[in-house]
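# Structural overview
Listed here are the chains, written in short residue letters.
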Amino acid sequence: MGKKSKRSKEDLIAKRLARAQATAFVARPFEGLPFEADLICLRELVPAATASAKLKEEFGGQEITIASLLPAAWQAWHREDGAIMAGMQVPVSSTDASRDVAHGILAAAEAQPGTSIDATTEPGQGPRLQDILDTDHPFDIRVLESFEHWQLPEAETDSDVAAALEQANDSISPTEKIVSVDSAYWTEMSGRTYVRWARPEGEDAIVDALARLQSEGRNDLGGPGTFLGYFRAHGIIVPVWELEFGTQVDDVEEPIAEFGTRLTAALDSSEPLSAEARRARSGIVARQLTIH
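From a predicted model like this one, the values you see are computed outputs, not experimental measurements. (Residues numbered from 1 in each chain as written. Predicted model: local features only at pLDDT ≥ 70, side-chain atom pairs only at ≥ 80, totals over all residues. Heavy atoms only, no water.)

### Details of the sheet that holds strand 2 (residues 63-67)
The strand order 5-3-4-2-1-6 describes an open sheet built from 6 strands, whose pairing is mixed. One side of each edge strand has no neighbouring strand; the edge strands of this open sheet are strand 5 (115-117) and strand 6 (141-143). For this sheet, the mean angle separating the axes of adjacent strands, direction not counted, is 20 degrees. Across 3 bridges, strand 2 lies against strand 4 (residues 84-87) in parallel orientation. Along strand 4, the bridge assignment pairs Ile66 with Ala86. Against the sheet, helix 2 (residues 36-44) engages strand 1 (49-54), strand 2 and strand 6, with an angle of about 55 degrees to strand 2. Across the face of the sheet, helix 3 (residues 97-110) comes into contact with strand 2, strand 3 (76-78), strand 4 and strand 5 while running at roughly 15 degrees to strand 3. (Pairing = 2+ DSSP bridges. Helix = DSSP H or I, 4+ residues; strand = E, 2+ residues; numbered from the N terminus. Axes fitted to C-alpha atoms, helices over the stretch in contact; angles between N-to-C directions. Contact = heavy atoms within 4.5 Å.)

Spelled out as structure tokens, the structure:
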């Protein structure tokens, strides 16, 4: 009887611990995924894009599509043609965005074709994206100009669906992925042109590196960009530069690659920040904006 009582107590403690872990806020939910920065961009910055991914064999082994946005901001969707899609931009989330997306994917995979999974603030205990995705599979991103990839047959016969799709398409800001560096995106919004570059390194390291370059007058993407500040999103930071309006993505490729070399050198520096760099750092930190 004593052994049973001891085991019951241990089981109860384990269950409570699991519940606590499931409800604990995760400041950097996608950490550990090799495509963490791009995943965050799909969630926060890129209006229309898809990326290929694959589940581990123990979770079915099928290929899936991770999209910036699904119809009605669903968390996931088992489409009529059998495709499994996950949405990153959703109206609500729990304390762990990675578990939310994983929950949606697995629920959609088990559901019948034509089933959508709504976002929830309580996905419950379960695996995270880090547990279910095959990280050796290429995470190939396609930035799109419309949501035609939703493949909604209802849009051809239902005027309300057609209008909603048109409205969604009209909301898309022109966006392109920069190919010469990782996780950087060119975009035009409200008559202005920007580059936003998600960086998975620690915030302090990136801000120090930017401050070093700022103090030297070299925090400008090699010439075409003016540094504005940075976003904080899901535990990483996204520096932002404004370009002269009309600057095209091809005009940025070579300068940002060269700038990336300078930024890497600044990141690798072990020298203390100079007085000028410390002042520049204070100004950079003052211009931050947290998304999540």
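### Here's the deal with the pairing of strand 2
Here strand 1 runs beside strand 2; their pairing, made up of 5 bridges, is antiparallel. Residue pairing in the sheet places Ala51 in a bridge with Ile66 of strand 2.

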